[in-house]
Amino acid sequence: MSKTAAKGRLICVSNRVGTVRGAPLAGGLAVALSSALIANRGLWFGWSGKTASEAGAVVLEEINGINVATLDLPTADFDHYYAGYANGCLWPLCHFRLDLVQFAREHYDAYRRINALIARRLADLLKPDDRIWVHDYHLIPLAEELRALGCRNRIGFFLHIPTPPHELLAALPRHRELMGSLLHYDVVGLQTEADRHRLHDYAVRELGCSVTDDGMNCGTRRIRTGAFPVGIDVDEFVGYATSPRALQESRRMSKLLDGRTQVIGVDRLDYSKGLLRRAAGFERLLEKYPRAQRNVEFLQVTPISRGEVRAYQDFRTELEALASHINGRFGTFDWTPLRYLNKALPQRTLAALYRASRIGLVTPIRDGMNLVAKEYVAAQDPEDPGVLILSSFAGAAEQMGDDALLVNPYDPDDVADALERARWMSLEERIERHRDLMAGMRRQSADHWQRSYLEALDGDAPAVPAGHITVAAAPAGFTGKGVPGTSTPNRPAGHRAQAVSP
Ligand SMILES: O=P(O)(O)OC[C@H]1O[C@@H](O)[C@H](O)[C@@H](O)[C@@H]1O
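What counts and what doesn't
- Residues numbered from 1 in each chain as written.
- Predicted model: local features only at pLDDT ≥ 70, side-chain atom pairs only at ≥ 80, totals over all residues.
- Heavy atoms only, no water.
- Helix = DSSP H or I, 4+ residues; strand = E, 2+ residues; numbered from the N terminus.
- Buried < 20%, exposed > 50% of the residue type's maximum accessible area, 1.4 Å probe, protein only.
- Contact = heavy atoms within 4.5 Å.
- Areas by Shrake-Rupley, 256 points an atom, 1.4 Å probe, with all protein chains shown as cover.
- Pairing = 2+ DSSP bridges.
- Axes fitted to C-alpha atoms, helices over the stretch in contact; angles between N-to-C directions.
- Near = heavy atom within 4 Å.
- Polar contact = N/O pair within 3.5 Å; in protein donor to acceptor, adjacent residues only side chain to side chain.
- Phe/Tyr/Trp six-rings, centres within 6.5 Å; stacked < 30°, edge-to-face > 60°.
- Lys NZ or Arg CZ within 6 Å of the ring centre and 35° of its normal.
- Core = buried A, V, L, I, M, F, W, Y, C linked by side-chain atoms within 4.5 Å.
- Domains from an automatic or database assignment.
- Salt bridge = Lys/Arg side-chain N within 4 Å of Asp/Glu carboxyl O.

Bringing the overall build of the chain into the picture now. Check the secondary structure of the chain and you find 17 helices and 18 strands. Buried positions account for 57% of the 502 residues belonging to the chain. In the chain, the proportion of contacts linking residues at least 24 apart, taken out of those at least 6 apart, comes to 75%. Carbon and sulfur atoms make up 51% of the accessible area of the chain, which amounts to about 20100 Å² in all.

Moving on, we come to the sheet that holds strand E7 (residues 187-190). Taken in spatial order, the ten strands of this open sheet run E3-E4-E2-E1-E5-E6-E7-E10-E9-E8, and their pairing is mixed. On the outer flanks of this sheet lie strand E3 (59-63) and strand E8 (210-212), each paired with one strand and no other. Neighbour to neighbour, the strand axes of the sheet diverge by 25 degrees on average, direction disregarded. Two elements, E7 and strand E10 (residues 221-227), share four bridges in a ladder whose sense is parallel. Bridged to Gly189 within E10 is Gly226.

Neighbouring residues of the ligand: Arg16, Tyr82, Asn87, Trp91, Asp136, His138, His160, Ile161, Arg268 and Arg306. Contacts to the ligand include Tyr82, whose side-chain N or O atom sits 2.4 Å from an oxygen atom. Residue Asp136 places a side-chain N or O atom 2.6 Å away from an oxygen atom belonging to the ligand. If the ligand stood free it would expose 380 Å²; the protein chains cover 70% of that surface.

Counting across every chain of the model gives 23 aromatic pairs. Summarising the aromatic geometry, the rings of Tyr271 and Tyr312 are spaced 5.2 Å apart at their centres and angled 55 degrees between planes, so their arrangement reads as tilted. Residue Tyr271 is located in the loop between strand E11 (261-266) and helix H10 (275-288), and its partner Tyr312 is located in helix H11 (residues 310-330); the two are separated by 41 residues in the primary sequence. By the burial criterion, Tyr271 is buried, and Tyr312 matches it. The rings of Trp47, Phe78, Tyr81, Tyr82, Tyr85, Phe103, Tyr108 and Tyr111 are connected pair by pair, giving a single aromatic cluster. Taking NZ or CZ as reference, Arg306 lies 4.1 Å from the ring centre of Trp91, over its face. The ring of Phe96 carries the charged tip of Arg366 above its face, separated from the ring centre by 3.8 Å.

What follows covers the environment of Ile155. Position of Ile155 among the secondary structure elements: in strand E6 (residues 154-158). Along the backbone, Ile155 and Glu144 are eleven residues apart, and their C-alpha atoms lie at a distance of 10 Å. Beyond its immediate sequence surroundings of up to four residues, Ile155 is in contact with Ile132, Val134, Ala143, Leu146, Arg147, Tyr185, Asp186, Val187 and Leu457.

The next subject is the nonpolar core. Among the nonpolar cores identified, the biggest contains 93 residues, and Val13, Ile132 and Leu142 are the most heavily contacted of them. Top element by residues in this core is helix H2 (residues 75-94). It accounts for eleven residues. When residues are assigned to domains, this core turns out to be shared by domain 1 (9-72 + 118-230 + 448-457) and domain 2 (234-443), each giving three or more. Counting residues in hydrophobic clusters, the runner-up holds 54 residues, among them Leu299, Leu390, Ala394 and Leu457.

Turning our attention to the environment of Pro382. Position of Pro382 relative to the elements: it lies in the loop between helix H13 (371-378) and strand E15 (387-391). For the pair Pro382 and Val134, spaced 248 residues apart in sequence, the C-alpha separation works out to 37 Å. If near-sequence neighbours (up to four positions away) are discounted, Pro382 is found in contact with Ile431 and His434.

Glancing now at the pattern of salt bridges. One pass over the full model with this rule turns up 41 salt bridges. Between Glu287 and Arg329 there is a salt bridge, with its nearest N and O atoms 2.8 Å apart. In this pair, Glu287 is assigned in helix H10 and Arg329 in helix H11, connecting sequence segments 42 residues apart. Taking the shortest distance from any N to any O, the salt bridge between Lys288 and Asp417 comes out at 3.0 Å. Here Lys288 is found in helix H10, whereas its partner Asp417 is found in helix H15 (residues 412-423), with 129 residues between them in sequence. For Lys288, a relative accessible area of 32% puts it in the partly exposed group. In this structure, a network of salt bridges that share partners links the residues Glu283, Arg284, Glu287, Lys288, Arg329, Asp413 and Asp417.

The following block contains the structure:
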């Protein structure tokens, strides 16, 4: 199929739609997807942000020039789906925190019901040549539910968060059922090559797939896989950071700092962001390099997130205790070492804060990509840029690892040493690193991300064949649901492919 063949509409589906009434479109990702939607006469489909006693009807409207379709989700299932399964089970699992995974069958069942509901509502709107692009872990089974309704459209999936290794995934009850549902997509996109390899490894071991140059063969299904690293709109962010207002704010901030070095961290309040270990690394800097005392300030901007999930509540309490401990231990009447804000700041304000900060400290214990790292770099003054310190466990490290200072977030000494090195890095070295980082970010922008993904989705992966689908057998113990063509429970290992209707 030619890449330029006439295409149908693009339908993006995500739990939250990226554009809301009354607020301008913000963030490179939302902007990139919106421009793809506008160019492809598309529709953004997702949750309305409200729950109701009954599942709602789809509301169609135009917001910021984009066609948006939303629905209220049923209250009875919503918490189990969102806080229970998506954020209490899949999120920690995908961020390698098996210890925090809370699996409950009723959560998983609600997650499946919500996916089935979204599929039914979406199916009513579909035209035969629409291409569907599903986003993130909330909606892994969506293609399977759509296929069950007879949908033969091209459907792609993009996972914004990390893919865990086989050993961790295998600990998830009913993992084959969940992961097998990925085989109903035509294209599965991941953030990094490492994620892609982990997916392949899982699919070979558990789903009977074989790996090809551009994806996987699973019986008669050919699934294209690829690493599509999410980027930012570099010029948009440079524009924020160099607006007269931002420059004025940065100058005001520099005056307040009075010659002290500002280190900045900006993250949702989430255990995956490594905030406790980051604070411990900062504390280590003050202990190990006493000259840093009174000369460095750490500003951590941390809007509250998913406060209904227990692990997030516990984490917040621990972080607050550590922040006060550090300030109590090292602070003086005229110097607060760590300023910790639970506020969501607009992109423009963040850009000014980034520019006034000599060091960007981005140390998640695991992250799909991390766009803060990219925004921090884009906001810098190219003639006197700051230094990015980046966790080697952020997806962004695959692209930025040569020019950022990479650290192991589990090692406070490594973080402290990188902070000290960044403090004293020569102007020449900072300029060179910044230049190379900017060049890489321009090559792999948000726009490049959506274009390359859609090219893969429109490419030569076969659309779902009419009639029967077959896949190779899954190993013993597999309960069937999830993989096309595997409806026999507990099929023995080695059983060959079997045909079923899609
Ligand atoms: O939607 P939430 O739970 O507030 O989390 C914010 C975002 O967090 C991201 O990291 C997820 O990949 C998104 O899917 C999610 O929307």
